[in-house]
Amino acid sequence: LIIQEKVRLEERIKTLSLRGKQHLSPKIEQVDTIEKLLRTAETDKTALKEEENILNQDRITRDKLTTSLGEIKASLDQIQHDGKEIRSKFNLLTKSTRNAICPVCQSTLEDISRHNLEENFRIELEEKRKLYDIKQAQLEKTESDRKTLEKHVLAREVLLKKNQQEIEQKINTLGRDLSDSKQAKLEATESETELLKLRYTLEHEEYALPEHSELASIEKILTALAYSPEEHNKTAQILQQLQGIHERYQMLQAALKNLSSEQLALNHANKLTLARREE
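Residues numbered from 1 in each chain as written. Predicted model: local features only at pLDDT ≥ 70, side-chain atom pairs only at ≥ 80, totals over all residues. Heavy atoms only, no water.

Q: It is not clear to me how the overall build of the protein should be interpreted in this structure. Could you clarify?
A: Scanning the protein for helices and strands turns up six helices and zero strands. Helices and strands in the protein line up, N terminus first, as α-α-α-α-α-α. In terms of overall size, the protein is more extended than a compact globule, its C-alpha atoms giving a radius of gyration of 61 Å where 279 residues would be expected to give roughly 19 Å. By its C-alpha atoms, the protein is 210 × 60 × 25 Å across when sized along the principal axes. Looking at the protein residue by residue over its 279 residues, the buried ones come to 19%. Within the structure as shown, the protein displays about 21,300 Å² of accessible surface, and the carbon and sulfur contribution to it stands at 54%. Of note, the protein has its 46 positive side-chain charges centred 4 Å away from the centre of its 50 negative side-chain charges. (Helix = DSSP H or I, 4+ residues; strand = E, 2+ residues; numbered from the N terminus. Rg over C-alpha atoms; globule rule 2.2 N^0.38 Å. Buried < 20%, exposed > 50% of the residue type's maximum accessible area, 1.4 Å probe, protein only. Areas by Shrake-Rupley, 256 points an atom, 1.4 Å probe, with all protein chains shown as cover. Lys, Arg positive; Asp, Glu negative; His and termini not counted. Charge placed at Lys NZ, Arg CZ, Asp CG, Glu CD.)

Take a look at the structure:
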């Protein structure tokens, strides 16, 4: 029982030592590396947040361009509407006869006034046409800028989302690894404490105490008996050699007891034999 308990303690020490060396120590050694990688990942995450802020500014700019497009289109519609009205008045004026009525103020027109009014309409139409061309060019440029920015925003959104998912996954993985390493460090401390106790117990034989106590009592009795293993073995050999002697002695004693009666029987038999021979 003592040997069995000793073997159990030695196996436990071996198991704890092997686990610490092969499983816990490698994880503990990775703590600094994991923490460094985690700090880098957190920095990358912050950089991605800054990139998202920039992307938000691009989204705001895109929305402003969209609003500007609506305003420019509204301006073009208004310019076109105003131009149609001027053209209508101009056509009405040019098709009217002498002493025609002014399409604006409804008064009678003189030739000079009519000529001046026609010239004003032409100037206004030309101004509207130039303004329309300017606004149209502005619309095309704004539309082009918005499309380019929209394409840029969409590409950045896809890439940013991908990078954010990857960095979050990396942070989660490193977090689990760091937690495992810290847990391994805690287990290693507990394991080292247990190892110290086990080695102390083994070294000072503080295990199987009832069996040790009983063994000490047995050894004390053996000492008092002056017990000698050599003498014990010698005696055992003699006993082995003498095995069956007692049975043979008992048989001999029985034979001696029966000897007299057997002798009488023999004498009687001899007499009978002699008598038979005489006959």
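Having seen the model, we can carry on.
Q: Explanation requested: the nonpolar core in the structure shown.
A: Soluble, globular proteins show a tendency: their nonpolar side chains are buried together. Counting residues in hydrophobic clusters, the biggest one holds 14 residues, and the most contacted among them are Leu 38, Ala 41, Ile 167, Ile 171, Leu 174 and Leu 178. Of all elements in the fold, only helix H2 (31-95) and helix H3 (111-203) reach the threshold of two or more residues within this core. In contact with Leu 38, not counting residues within four places along its chain, are Ile 171, Leu 174, Gly 175 and Leu 178. By size, the runner-up hydrophobic cluster in this structure holds eight residues, among which are Ile 13, Leu 195, Leu 198 and Ala 208. (Core = buried A, V, L, I, M, F, W, Y, C linked by side-chain atoms within 4.5 Å. Contact = heavy atoms within 4.5 Å.)

Q: What exactly am I supposed to notice about unusual backbone geometry here?
A: Peptide bonds are mostly trans, and most non-glycine residues show a negative phi. In this model, Glu 205 sits at a positive phi of 55°, which is unusual for a non-glycine residue. With respect to the helices, strands and loops of the structure, Glu 205 is situated in the loop between H3 and helix H4 (209-224). The backbone phi angle of Ala 208 is positive, close to 50°, even though this residue is not glycine. Assignment of secondary structure puts Ala 208 in the loop between H3 and H4.

Q: What exactly am I supposed to notice about helix H6 (residues 245-278) here?
A: Owing to its 3.6 residues per turn, the α-helix brings residues three or four apart onto one side. Between its first and last C-alpha, H6 extends 46 Å over 34 residues, near the 50 Å set by a 1.5 Å rise per residue. Of all the bends in H6, the greatest measures close to 40° and is centred on Leu 259. (Expected span 1.5 Å × (residues − 1). Bend = angle between axes of the 7 residues up to and from the residue.)

Q: Quick question: what am I supposed to make of a nonpolar patch on the surface here?
A: Side chains of Ile 218, Ile 221, Leu 222, Leu 225 and Tyr 227 sit close together on the surface and give an oily, nonpolar patch of about 470 Å² of accessible area. Tracing the chain through its elements places Leu 222 in helix H4. (Patch = residues over 30% accessible without salt bridge, like charges linked within 9 Å, V, L, I, M, F, W, Y side chains within 5 Å. Salt bridge = Lys/Arg side-chain N within 4 Å of Asp/Glu carboxyl O.)

Q: Which parts of the structure should I look at to understand the pattern of salt bridges?
A: Between side chains of opposite charge, pairing is possible as soon as their charged atoms come close. Per the stated rule, a full pass over the model turns up 16 salt bridges. Of the charged contacts, one joins Glu 194 and Arg 12 as a salt bridge, the two residues approaching to 2.9 Å between their closest N and O atoms. You can see Glu 194 sitting in helix H3 and its partner Arg 12 sitting in helix H1 (residues 2-29), a full 182 residues away along the chain. Given a relative accessible area of 33%, Arg 12 falls into the partly exposed group. Across the pair Asp 82 and Lys 128 runs a salt bridge whose closest N-O atoms are separated by 3.4 Å. Of this pair, Asp 82 sits in helix H2 while Lys 128 sits in helix H3, and the two are 46 residues apart along the sequence.

Treat this as a map of the structure, not an account of what it does.
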